[in-house]
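Overview (structure and organization)
In case you want the letters, here they are:
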Amino acid sequence: MDRSPQFARFGARTAALLDQWQQQNHRPLTAPAWLDTGGSGASLASVFVRDSDPGRTARRMIIKLCSPDGDSSMEPGRLIAARRSLPNGDPSFPRDHLVEQLYDPMPVDGAWLMFQGFAGNDESMVTLSTILRQRRMPGVAAQITRSLLADWNPDEKSDGEMTAASFVSELLDRRLEPAEPLAVWVRDKLGLDLGTAWIRPGRTNAAPLPNPVHLTGSCPLSERTLDYPMRGRAHGDLHPGNIMVPNEPDADIGRYVLIDLSRFDEGALLARDPVHLLLCLVADFLPHMSDDARAELLDLLVGRDTPGLLIPQGLARTVDEVRRAPDGWLRQRTISGQWTGQWLLSMQACALMFTARVRYDARDRWWFFRLAAEAAGAYLGPADAYEPGQVKFVPGPREAEPTAVEAVVVVAAAVKLPQQVAPPEAKTGTKPAPDPVRIPAPAPTPLRESVAPAPEAAGESLPDTAPETAAEELPDTLPALLIDLRNTFTDRLGELRAYEAGSVTARTLGLIREQADRGQADLKALLASRHDTLGEDARDRLDAVLGRLAHVTEAANAPGLSYEQPLFLRDLAHRALVVALDTLLGSTREAALGLQAGQAGQATDPIRPDAARTPSG
């Protein structure tokens, strides 16, 4: 029986191998559901497998076609290594907390096809990202941190002393190479040379801090030595999407499973995983915090006294509990005094990782850069404890002060946009009812309907067909459309985050698809009308927005969102859609700022208020 068409998305070669695998092993695969991997290059499907082995009758399984490049190509071997690395010879941690490899992987054209399952085959497990707003979040994050150290690394080790600069450099790996996003952003947006030793970030009267990206030669951190850098087993990419936890609010907080072990390392620096996880949780709150609240959070993270009254209560608890989680593990070690410095240096390195990520806007990336500098300064000690040489003032990127929407409005004059109205089922306060009926996205609205001028007289009736807009009038509509897209999808993102795991309704998904499709149609037409007048940078930014809109449409169509799928699949697809919307908002912000820079000095050409229209019509 030919089953290959159901796996056609893997490609013809892989689909044929899967068909052969099923027949030769008498393991039929049914009900495939495809998962969005967020652009990692891998392909994933969830299936039910019925095994001929009496001891393995039927279960849910993840089939993963790894990307042939990078760390993903190493995942089969590293998963095996992770499960064979037993803390003090005890197999309980790998058995209880690591994804398992159910069958041997198969090579496919330079890549790997993997068959994985969760420990216990528990379909009620969801990603940690699902419970970010739940009251149990601080305790769960702290328990995972404690377990990663005390349960997975009771036998930590060290391979000798190293400088603080080497410690940070090892964690950053290749990120400071000249062509990498971090180095490019620091040079282009901050105007900062990687070789500058001392900076004053944000304020001319600020205390001098070490430049967190200066890690070579006679940099400040090269003069300090760590006697016992703690090493052991580490996930290597620990974020809320790579941790599965029980969905039940009163479940045992010690139950969790780590997935995607493509970066597992048995001799990694141990401070990275918990710090990276903590900053992932911080990043989720950051866009909703004022500058004063961000300043308090920065102080809290580097261990300075702060009232913390402006920090969200749940976030403040999470920071405190995660930071205290290693205490029991440390009390059993005579070298526990080394941990505080390693925590701060890991904070510096991980904050720079976030600075490099283009999905965050300029304001957030600047905050993470400042956090990296403050963590490095906290490691060195009070400013009067060292004698900095020449200090460079770094005001931050121009875009970091006003938000993207504010910046465009300042340049292009006020734009009156219609209020977005959420559909009834998207209102918070009530649990959405399951609605398995999918609503197809309507055809995109033609551009001429979206940019038609309003009637001049109050009594004038609209024509049956909106007149074509002259090409020379179209450039003014681009900033307005970007504002419109950002406002629209900010609302949609807020609605999605209000839903429980995997409970988003079909009507909400249909609305997202409709708005994304219409946004693509409007933006494509505007780009075509003024393609020759745009600079290369502006075209690249706007093309990126088009790509993100298409990704949102794809994510909103994901089969995993169907109520026929298991909860964990709906949760993964739900999270993928949230990430797609979040990334789209970052792209619209970058594109708006690019247009602002290109329109400087043209404030006499205002955007007509009637030029903007919501993508939803």
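What this report covers is the structure whose coordinates are included nearby. (Residues numbered from 1 in each chain as written. Predicted model: local features only at pLDDT ≥ 70, side-chain atom pairs only at ≥ 80, totals over all residues. Heavy atoms only, no water.)

**Quick notes on the packing of helix H15 (residues 477–498) against helix H16 (residues 506–529)**
- Relative to each other, H15 and H16 sit at 165°, their axes nearing to 11 Å. Considered as vectors, H15 and H16 are oriented roughly antiparallel to each other. Where H15 crosses over H16, the handedness of that crossing is left-handed. On H16, the residues that touch Thr 477, Leu 478, Leu 481, Leu 485, Thr 488, Phe 489, Arg 492 and Leu 496 of H15 are Leu 511, Ile 512, Gln 515, Ala 516, Gly 519, Asp 522, Leu 523 and Leu 526.
- For the contact of H15 with H16, the residue count by class is 10 nonpolar, four polar and two charged. (Axes fitted to C-alpha atoms, helices over the stretch in contact; angles between N-to-C directions. Helix = DSSP H or I, 4+ residues; strand = E, 2+ residues; numbered from the N terminus. Parallel < 35°, antiparallel > 145°, perpendicular 65-115°, else oblique. Left-handed = near helix turned anticlockwise from the far one by under 90°. Contact = heavy atoms within 4.5 Å. Nonpolar A, V, L, I, M, F, W, Y, C, P; charged D, E, K, R; others polar.)

**Concerning the sheet that holds strand E12 (residues 243–246)**
- Spatially, three strands are ordered E6-E12-E13 in an open sheet, and the strand pairing comes out antiparallel. The open sheet has two free edges, formed respectively by strand E6 (125–127) and strand E13 (257–258), since each of these has just one partner strand.
- Two elements, E12 and E13, share two bridges in a ladder whose sense is antiparallel. In the strand pairing of E13, Met 244 is matched with Val 257. (Pairing = 2+ DSSP bridges.)

**Details of the state of the cysteines**
- For the structure on display, the rule yields zero disulfides.
- Cys 350 carries a free sulfur, and the closest cysteine sulfur to it, the one in Cys 280, is 8.5 Å from it. (Disulfide = S-S within 2.5 Å.)

**With respect to the nonpolar core**
- Counting residues in each nonpolar core, the largest one holds 104 residues, and the members touching the most others are Leu 221, Leu 297, Leu 301 and Leu 371.
- In terms of residue count, helix H11 (residues 339–355) provides more of this core than any other element does, 11 residues in total.
- With residues up to four places along the chain from it excluded, the contact list for Leu 371 reads Leu 279, Leu 298, Leu 301, Val 302, Met 347 and Ala 351.
- Listed in part, the 36 residues of the second largest apolar core include Leu 493, Leu 527, Ala 558 and Leu 581. (Core = buried A, V, L, I, M, F, W, Y, C linked by side-chain atoms within 4.5 Å. Buried < 20%, exposed > 50% of the residue type's maximum accessible area, 1.4 Å probe, protein only.)

**Description of the side chain of His 235**
- With respect to the element layout, His 235 can be found in the loop between strand E11 (231–234) and E12.
- A residue is classified by how much of its surface remains accessible, and His 235, at 0% relative accessible area, is buried.
- Among the polar contacts made by the side chain of His 235, one reaches the main-chain amide nitrogen of Asp 237 at a distance of 3.0 Å.
- At a separation of 2.8 Å, a polar atom in the side chain of His 235 contacts the main-chain carbonyl oxygen of Ile 259.
- Residue contacts for His 235: discarding those within four places in its chain leaves Trp 152, Asn 242, Leu 258, Ile 259, Asp 260, Leu 261, Arg 263, Phe 264 and Asp 273. (Polar contact = N/O pair within 3.5 Å; in protein donor to acceptor, adjacent residues only side chain to side chain.)

**Points about the packing of helix H6 (residues 181–190) against helix H12 (residues 362–380)**
- Where H6 contacts H12, the axes come no closer than 12 Å and their chain directions differ by 105°. Relative to H12, H6 is oriented roughly perpendicular. Here H6 contributes Pro 181, Trp 185, Val 186 and Leu 190 to the contact with H12, which in turn contributes Ala 362, Arg 365, Trp 366 and Phe 369.
- Taken together, the residues of the contact of H6 with H12 sort by class into seven nonpolar, no polar and one charged.

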